[in-house]
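Summary of the model geometry
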Amino acid sequence: MELKVMEVMPLRVLKAFNNAWKAACSSSQGSVLVVPINKNYLLKPITFEGPCKSSIAVQIYGTLQASTDRSAYSKDLTRWLVFENVQNLAVEGGGTINGNGKIWWENSCKVNDDLSCKDAPTVCALTFYNCKNLVVKNLKIQNAQKMHVSFEKCVGVEVSGLTITAPADSPNTDGIHVTHTQNIQISSSVIGTGDDCISIVSGSQKVQATGITCGPGHGISIGSLGDGNSEAHVSDVTVNGATLAGTTNGVRIKTWQGGSGSASNIKFQNIEMHNVKNPIIIDQKYCDQDKPCKSQSRAVQVQNVLYQNIKGTSSSSEAIQIDCSEKFPCKGIVLQGIDLRVGGKAAKAECNNAKIIEKGNVSPSCT
């Protein structure tokens with residue numbers, strides 16, 4: 001069954017989408033919900049909720065634009081478009097999702113020092129919550145209010161062919177955010193934003209990313225983990241095949257002091273760096289707040305991390321920064337086939353409180 005969201009008056013757009021979703025979700029046969037090409041819909045926050053009776057394909061050929069009326073988000077300051085509790089869902093089509101984030105960036109505490117970051121809005125443009133057997137592909141997602149795409153408590157996810165863009169100075173506009181999600185594959189995507197291209201945080205397992213182009217932005221990150229003395233766990237993450245250009249970090253693991261848990265079995269392989277500020281970085285003293293963070297003895301354990309075949313140029317003199325906890329030093333860190341240079345010359349490495357094994361040619365070296 002195919003259902004189209006047709007041209008409707010602006011005040012009825014939300015109702016039209018809700019009605020189309022209800023019809024698709026209640027159908028006992030597989031349904032297709034179509035956003036037609038050359039159509040532009042201005043939407044307030046909306047949740048497409050399951051469980052549904054059968055599989056659903058949402059084909060976005062046109063454009064979905066977020067309302068710029070910030071009061072429309074008063075009930076939930078964290079989400080705009082949401083798919084929740086849905087199994088066997090595909091969202092695709094080559095269309096555009098535009099978060100119209102400028103009004104949010106201008107009112108961000110990261111931009112305006114007079115605003116408090118406590119309880120600040122964190123609106124994500126596209127959220128998948130508690131979904132299973134999910135495909136998201138061939139979409140343009142741009143100018144999110146904060147994060148562009150978030151996968152939370154999902155299982156069995158395939159992501160491919162995404163183009164995610166926002167200005168380099170747009171605050172907290174992560175490209176793809178993964179939290180409490182297992183078995184997710186991200187491939188063949190181009191991401192350039194004002195924050196992490198991909199961020200993988202607590203509760204995530206079996207995450208694979210291949211064929212990623214990243215920049216501008218803050219690189220590809222595990223974390224941050226352990227904020228507010230919390231327990232965090234991330235494991236079995238592989239980033240294999242990526243190009244990063246002009247980013248403030250390359251491949252990064254970041255944890256707060258005072259946290260607990262672990263980040264383990266992580267592989268960064270076959271990665272090209274072009275003018276990247278911190279190509280390889282483990283920071284167990286991460287502190288993203290106005291006041292200096294207190295020194296604490298507890299830490300998230302970082303172990304079994306492989307950096308293999310990572311080459312290119314650094315825009316900073318220290319291309320490798322591994323700064324681990326004294327009480328919980330990093331274990332099983334392997335550097336293999338590393339060649340990072342700055343200005344045509346050898347770069348430097350700064351490595352503290354870590355058990356590091358170097359294989360083959362490694363430049364710069366931690367030893």
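My aim in this report is to walk through the structure given alongside it, one point at a time. Here the structure is a predicted model, which means the values were calculated and not measured.

One covalent bond between the sulfur atoms of two cysteine residues makes up a disulfide. In total, this model carries five disulfides according to the counting rule given. The residue that forms a disulfide with Cys 25 is Cys 52, at a sulfur-sulfur distance of 2.1 Å. Around the S-S axis, the bridge from Cys 25 to Cys 52 shows a dihedral of about -100° and counts as left-handed. Residue Cys 25 is found in helix α1 (residues 13–26), and its partner Cys 52 is found in the loop between β4 (46–49) and β5 (56–60); the two are separated by 27 residues along the sequence. In terms of burial, Cys 25 and Cys 52 fall into one category: buried. Put simply, Cys 287 and Cys 293 are joined by a disulfide, and their sulfur atoms are 2.1 Å apart. Disulfide Cys 287-Cys 293: the torsion about the S-S bond is 90°, which places it as right-handed. Residue classification places Cys 287 among the partly exposed positions, given a relative accessible area of 30%. On the accessibility criterion, Cys 293 (25% relative accessible area) is partly exposed. The structure places no disulfide on Cys 131, whose sulfur is separated from the nearest cysteine sulfur, that of Cys 154, by 4.7 Å.

What follows covers the nonpolar core. Counting residues in hydrophobic clusters, the biggest one holds 92 residues, and the most contacted among them are Trp 21, Phe 128, Phe 268 and Tyr 307. In contact with Tyr 307, not counting residues within four places along its chain, are Val 251, Ile 253, Phe 268, Ile 280, Ile 281, Ile 282, Ile 333, Val 334, Leu 335, Gln 336 and Ile 338.

Here His 148 lies in the loop between β11 (132–142) and β12 (149–152). Exposure remark for His 148: the relative accessible area of 0% places this residue in the buried category. A polar side-chain atom of His 148 sits 3.4 Å from the main-chain carbonyl oxygen of Thr 173.

For the structure shown, the criterion picks out nine aromatic pairs. Geometrically, the ring pair formed by Trp 21 and Phe 83 is edge-to-face, given 5.9 Å between the ring centres and 70° between the ring planes. Of this pair, Trp 21 sits in helix α1 while Phe 83 sits in strand β7 (residues 79–84), and the two are 62 residues apart along the sequence. When its relative accessible area of 4% is taken as the criterion, Trp 21 is described as buried. Residue classification places Phe 83 among the buried residues on the basis of a relative accessible area of 5%. Relative to Phe 83, the ring of Phe 48 lies with its centre 4.9 Å away and its plane at 25°, an arrangement referred to as stacked. Here Phe 48 is found in strand β4, whereas its partner Phe 83 is found in strand β7, with 35 residues between them in sequence.

Criteria and thresholds
Residues numbered from 1 in each chain as written. Predicted model: local features only at pLDDT ≥ 70, side-chain atom pairs only at ≥ 80, totals over all residues. Heavy atoms only, no water. Disulfide = S-S within 2.5 Å. Helix = DSSP H or I, 4+ residues; strand = E, 2+ residues; numbered from the N terminus. Buried < 20%, exposed > 50% of the residue type's maximum accessible area, 1.4 Å probe, protein only. Core = buried A, V, L, I, M, F, W, Y, C linked by side-chain atoms within 4.5 Å. Contact = heavy atoms within 4.5 Å. Polar contact = N/O pair within 3.5 Å; in protein donor to acceptor, adjacent residues only side chain to side chain. Phe/Tyr/Trp six-rings, centres within 6.5 Å; stacked < 30°, edge-to-face > 60°.

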